[in-house]
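Geometric and topological summary
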Amino acid sequence: MTSAQPPRWLKPMNKLVRAFHRLGIPTGPAMVLTVPGRKTGQPRPTPITPFDMDGRLFAVGGYPGSDWARNAAAAGSGTLTRRNRVQHVRIVTVPPEAARRVLREFALKVPVGVRFAKSAGLVRHGTPEEFEALAGTLSVFRFDPD
């Protein structure tokens with residue numbers, strides 16, 4: 001397993017996506033997850049690409065140890081925003097064994113996430129099997145209505 005690092009363009013891109021959301025401009029499937037920071041307690045908004053599986057909403061951390069994933073796991077709740085619609089959610093960390101199936105679905109349903117994982121060196125081809133093998137390495141969350 002490689003020690004993946006976020007690309008340099010990620011922070012500026014996240015700022016741009018957040019600005020679009022504030023203006024009500026759609027950004028594809030992206031939503032903004034806002035949770036309190038682990039240390040400061042200040043709101044930390046981060047664009048993510050959640051996806052539906054079996055009528056529930058899931059998201060996968062982009063790389064191991066990402067700040068947003070650590071903040072989300074610590075917070076246990078937050079808000080998801082798309083355009084001007086805000087939804088309060090409970091954030092449930094999916095254990096590795098259950099995450100395997102979610103990661104397989106992620107590979108099929110979130111092409112932007114597959115491209116990101118390939119560019120970060122987490123997977124080579126982006127197959128469901130490669131993503132399934134990342135269970136326990138990447139954070140996987142389920143968002144339940146609060």
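Residues numbered from 1 in each chain as written. Predicted model: local features only at pLDDT ≥ 70, side-chain atom pairs only at ≥ 80, totals over all residues. Heavy atoms only, no water.

- Identification of the protein chain as Deazaflavin-dependent nitroreductase from Mycobacteroides franklinii is taken from an unreviewed UniProt entry.

Remarks on the confidence of the model for the protein chain
- With 96% of its residues at a pLDDT of 70 or more, the protein chain shows a mean pLDDT of 90.
- When mean pLDDT is taken per element in the protein chain, strand β7 (residues 140–145) scores highest with 98 and helix α1 (residues 10–23) scores lowest with 77. (pLDDT = per-residue confidence, 0-100. Helix = DSSP H or I, 4+ residues; strand = E, 2+ residues; numbered from the N terminus.)

Describing the nonpolar core
- Counting 24 residues, the largest nonpolar core has F51, V60, L103, L122, F131 and V140 as its most contacted members.
- Counting residues per element, the ones that place at least two in this core are β3 (51–53), β4 (56–60), α3 (96–109) and α4 (111–119).
- Sort the elements by how many residues they give to this core and α3 lands first, with five residues.
- Leave out the neighbours within four places in its chain, and L103 touches V60, F131, E132, L134, A135, L138 and V140. (Core = buried A, V, L, I, M, F, W, Y, C linked by side-chain atoms within 4.5 Å. Buried < 20%, exposed > 50% of the residue type's maximum accessible area, 1.4 Å probe, protein only. Contact = heavy atoms within 4.5 Å.)

Notes on the sheet that holds β7
- Across the sheet, which stays open at both edges, the seven strands sit in the order β2-β1-β5-β6-β7-β4-β3 with antiparallel pairing between neighbours. Edge positions in the sheet fall to β2 (43–48) and β3, since each of these pairs with one other strand and no more. Sheet twist, expressed as the mean angle between neighbouring strand axes with direction ignored, is 40°.
- The pairing of strand β6 (residues 85–93) with β7 spans five bridges and is classified as antiparallel. (Pairing = 2+ DSSP bridges. Axes fitted to C-alpha atoms, helices over the stretch in contact; angles between N-to-C directions.)

Topic: the pattern of salt bridges
- Per the stated rule, a full pass over the model turns up nine salt bridges.
- D144 serves as the salt-bridge partner of R56, at 3.8 Å between the closest nitrogen and oxygen. Highlighted residues: R56 in strand β4 and D144 in strand β7, separated in sequence by 88 residues.
- On the basis of relative accessible area, R56 is assigned to the partly exposed category, the value being 40%.
- Salt bridges sharing partners connect three or more residues here, namely R100, R104, E129 and E132. (Salt bridge = Lys/Arg side-chain N within 4 Å of Asp/Glu carboxyl O.)

A closer look at the pairing of β6
- By the bridge criterion, six bridges tie strand β5 (residues 77–82) to β6 in an arrangement that is antiparallel. In the sheet register, T81 faces β6, and the bridge partner there is V86.
- The turn linking β5 back onto β6 is made up of two residues, and R83 within it adopts a positive phi angle of 55°.

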